[in-house]
Amino acid sequence: MARQAARPLSPHLQIYRWYLTMATSIAHRITGVALVLGLLLLTWWLTALARGPDSFAVVRAMTDNILGGLVLFGFTFAIFFHLVNGIRHLVWDAGVGLDKETAEQSSYLVIGVAGGLTILTWLVVLIFG
Amino acid sequence: MRSTRAAVRGLGSARHGTGHWILQRLTAIAGVFTVLWFVAAMVSLSGAPYAEIRAWLGSNFNATMMILLVISAYWHGALGLQTIIEDYVHGPALKLGSLVAVKLLAFALATSSIVAILKVAIGS
C-alpha cells in the first residue's frame, strides 16, 4: 500500500465540480449508513419494549425531547430519501432515465418528493400525535 | 469470501456479484413495503403509552410486518455496508475483519430484534 501511495491518482472528490447527480449518489450512501444506525435504534426500541415499561421509559427519555425529535426528523428524511432514490435506482436498472438531462431532473424530483414526504409525516405527527 | 483462491488472487471475478446485486434489489423491494408500513405505524403510535404499543405489536399482522422489516432492513443494510467496505477499506486483514463483523452483527441484531418481537407477540 505504501509503495502505491506515491503514484499519481485519478481526479477525485476534491477536483470534480459538484453537481446534483453526484450529490444525490453520495447522499444515497450517507443516508444508507445513517439508516443502519436507525436500525440499531429500532432494535433497542424493540428489545426495550419486550423487557418492560422501565426499559422502554429509558428509550422514551432519549427520543421524547427536542434533540431526540431532531434526530428522528433526520432519520425520517433519510428513510424517504433512500426510499425514493432507491426507486430511482430500480428504474435505472430497467435502463430508463439514464441520460444526463433526465438524471438531472430526477435528482430534483427525488429531493422534492423526499423532502415533501418528510414534512408531511411530521405535520401529521405534530397535528394528530 | 466464498470464492476460490485463484479467483480472489486477481485471476478473475469471484462470480458472486450477481447474487449480491439481485439480493440487494429484492431486499430493496421488500423494504419499500415494510418501510412505508413502518413510517405509517410510527406516526399513528406517536405519543402512545407503553401498554398500547405492546398491544399493537401483539397483533399477528403487525408482528409479522415488523419481523419482515427487520429481516429485509438488516439484510439490505449488511449488503450495503459490504459494498462500502469493499470500496473504501483496502487492507486485506481489516477488510476481511470488517466484512465478517458486519455479517455477524447483522445476524445477531436481527435475531435479537425478532426474539423481542416474538416475546411481545406471544406474551400478549
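Refer to the structure presented above.
These remarks concern the structure in this document. Model, not experiment: these values are computed from the prediction.

For the rest of this paragraph, the subject is the overall build of chain B. Scanning chain B for helices and strands turns up 5 helices and 0 strands. Start at the N end of chain B and walk to the C end: the helices and strands fall as α-α-α-α-α.

Right, let's talk about the environment of isoleucine 67 of chain B for a bit. All names here are of chain B. Within the secondary structure, isoleucine 67 sits in helix H4 (residues 60-88). Residue isoleucine 67 is classed as partly exposed on the basis of its 17 C-beta neighbours within 10 Å. With 13 residues separating them along the chain, isoleucine 67 and glycine 80 place their C-alpha atoms 20 Å apart. The residues contacting isoleucine 67, other than those within four sequence positions of it, are Ile114 and Ile117.

Axis angle and axis distance: for two packed helices, these are the angle between their axes and the distance between the axes, and together they describe the pair. Look at helix H2 (residues 20-51) of chain A against helix H5 (residues 92-123) of chain B: their axes get within 8 Å of each other, and the N-to-C directions meet at 35°. Crossing handedness for the pair H2 of chain A and H5 of chain B: left-handed. Mapping the contact onto sequence places Leu40, Thr43, Leu46, Thr47, Leu49 and Ala50 of chain A in H2 of chain A and Leu109, Ser112, Ser113, Ala116, Ile117, Lys119 and Val120 of chain B in H5 of chain B. Classifying every residue of the contact of H2 of chain A with H5 of chain B gives 8 nonpolar, 4 polar and 1 charged.

The next thing to look at is the interface of chain B and chain A. Contact residues are listed per partner, giving 26 residues for chain B and 23 residues for chain A. Of all the elements in the fold, those that place two or more residues in the side of chain B that touches chain A are helix H2 (17-45), helix H3 (50-57), H4 and H5 of chain B. Within the side of chain B that touches chain A, the residues separate by chemical class into 16 nonpolar, 7 polar and 3 charged.

Quick notes on the rules
Residues numbered from 1 in each chain as written. Chains lettered and ligands numbered in written order. Predicted model: local features only at pLDDT ≥ 70, side-chain atom pairs only at ≥ 80, totals over all residues. Helix = DSSP H or I, 4+ residues; strand = E, 2+ residues; numbered from the N terminus. Buried ≥ 20, exposed ≤ 12 C-beta atoms within 10 Å, placed from the backbone. Contact = placed C-beta atoms within 7 Å. Axes fitted to C-alpha atoms, helices over the stretch in contact; angles between N-to-C directions. Left-handed = near helix turned anticlockwise from the far one by under 90°. Nonpolar A, V, L, I, M, F, W, Y, C, P; charged D, E, K, R; others polar.

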